[in-house]
Amino acid sequence: MNLPRRIIAEFVGTAILLAIVVGSGMMGARLAGANDAIALLGNTIATGAGLIVLIWIFAPVSGAHFNPVLTLARLWRRETSTTEAAAYIGAQLAGAIFGVWIAHAMFAAPIFQIATKARDGVAQGFAECIATFGLIGTILAVERNRPDATPIAVGLYIVAAYWFTASTSFANPAVTIARSLSDSFAGIAPHSVPMFIAGQAAGAIAAILFFPWLLHKEVAA
């Protein structure tokens, strides 16, 4: 598959993912009133289900990364080139921001926003480390043993991680940056972004080092 087509797939897939994340958060908040638990539940179900479908659609074209840390993991494992990884990450960032704007337009909200929802503290960064460690580990492990089950495994993991992590599992630098541009239920204030991305980077590195070692099969003498 030629590179421009793969880049377009990453852009469109990431845009749809962010439209789902932000749009479902806005819908959940509107319908649930002040009940954040119900709003988060709606946000969770839509994100997990949408992610499964998006991976099914775009994986045959681009691999359906939609996430800079996954692209960098592929680069670390020499499964892609530096040029391709840079192009993927650029497409993911641009697609994520465009997806946020799509969600705003659908809900008749101002297109250009800055989030005010603070998500601060070391605990939040640690939660993102755990969320990203689990996400990258899920992908590496399931691709090795049950590649056909990867879309469902990723979607199910994200559904679980929304609820067991204090940060609600962004686990994606492109998602984090884009959500700082939405003053909605799914938003994150810009000053909270660096801690989240630092946690995501640490979690990804840990997963890249740990899971290949864990899954390595000894060759019989």
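This one's a predicted model, so the numbers in the text were calculated from it and none came from an experiment.

**Side note on helix α3 (residues 68-76)**
Item 1. All of the buried residues along α3 are Pro-68, Val-69, Leu-70, Thr-71, Ala-73 and Arg-74.
Item 2. In this fold, the buried residues of α3 make contact with α4 (82-106), α5 (122-145), α7 (173-179) and α8 (193-215).
Item 3. In this structure Asn-67 caps α3, since a side-chain oxygen of it lies 3.1 Å from the backbone nitrogen of Val-69.
Item 4. With its phi angle positive at about 60°, Arg-78 sits one or two positions after the end of α3.

**Structural notes on the nonpolar core**
Item 1. Counting 42 residues, the largest nonpolar core has Leu-17, Leu-18, Val-22, Leu-51, Phe-66, Leu-135 and Ile-136 as the members making the most contacts within it.
Item 2. Mapped by element, the contributors of at least two residues to this core are α1 (3-32), α2 (36-62), α3, α4, α5, α6 (150-164), α7 and α8.
Item 3. Per-element tally for this core: the top contributor is α1, with eight residues.
Item 4. When near neighbours in sequence (up to four residues on either side) are disregarded, Val-22 contacts Val-100, Ala-103, His-104, Arg-179, Ser-182, Ser-184 and Ala-186.

**Some thoughts on the pattern of salt bridges**
Item 1. Within this structure, the stated rule accounts for five salt bridges.
Item 2. A salt bridge links Glu-84 to Arg-6; its shortest N-O distance comes to 2.3 Å. Placement of Glu-84 in helix α4 and of Arg-6 in helix α1 is noted, with a sequence separation of 78 residues between them.
Item 3. Glu-84 sits in the buried class, given a relative accessible area of 18%.
Item 4. Accessibility expressed as a relative area gives 14% for Arg-6, which makes it buried.
Item 5. Asp-148 is the salt-bridge partner of Arg-146, the closest N and O atoms lying 3.7 Å from each other.
Item 6. Each of Arg-74, Arg-77, Glu-79 and Glu-143 takes part in a single network of salt bridges with overlapping partners.

**Focus: the packing of aromatic side chains**
Item 1. With the rule as written, the count across this model stands at nine aromatic pairs.
Item 2. Seen from their ring centres, Phe-210 and Trp-213 are 5.9 Å apart, and the 45° between their planes marks the pair as tilted. With Phe-210 and Trp-213 both in helix α8 and three residues apart, the pair spans about one turn of that helix.
Item 3. Look at Phe-210 and you get partly exposed, because its relative accessible area is 33%.
Item 4. For Trp-213, a relative accessible area of 63% puts it in the exposed group.
Item 5. Here the aromatic residues Phe-133, Phe-210, Phe-211 and Trp-213 are joined through ring pairs into a cluster of three or more.
Item 6. Here the guanidinium or amino end of Lys-117 rests over the ring plane of Phe-185, the centre of that ring lying 4.8 Å away.
Item 7. Here Arg-179 stacks its cationic end above the ring of Phe-170, 3.6 Å away from the centre of that ring.

Rules and cut-offs
Residues numbered from 1 in each chain as written. Predicted model: local features only at pLDDT ≥ 70, side-chain atom pairs only at ≥ 80, totals over all residues. Heavy atoms only, no water. Buried < 20%, exposed > 50% of the residue type's maximum accessible area, 1.4 Å probe, protein only. Helix = DSSP H or I, 4+ residues; strand = E, 2+ residues; numbered from the N terminus. Contact = heavy atoms within 4.5 Å. Polar contact = N/O pair within 3.5 Å; in protein donor to acceptor, adjacent residues only side chain to side chain. Core = buried A, V, L, I, M, F, W, Y, C linked by side-chain atoms within 4.5 Å. Salt bridge = Lys/Arg side-chain N within 4 Å of Asp/Glu carboxyl O. Phe/Tyr/Trp six-rings, centres within 6.5 Å; stacked < 30°, edge-to-face > 60°. Lys NZ or Arg CZ within 6 Å of the ring centre and 35° of its normal.

Function-wise, these values are silent; they only describe arrangement.
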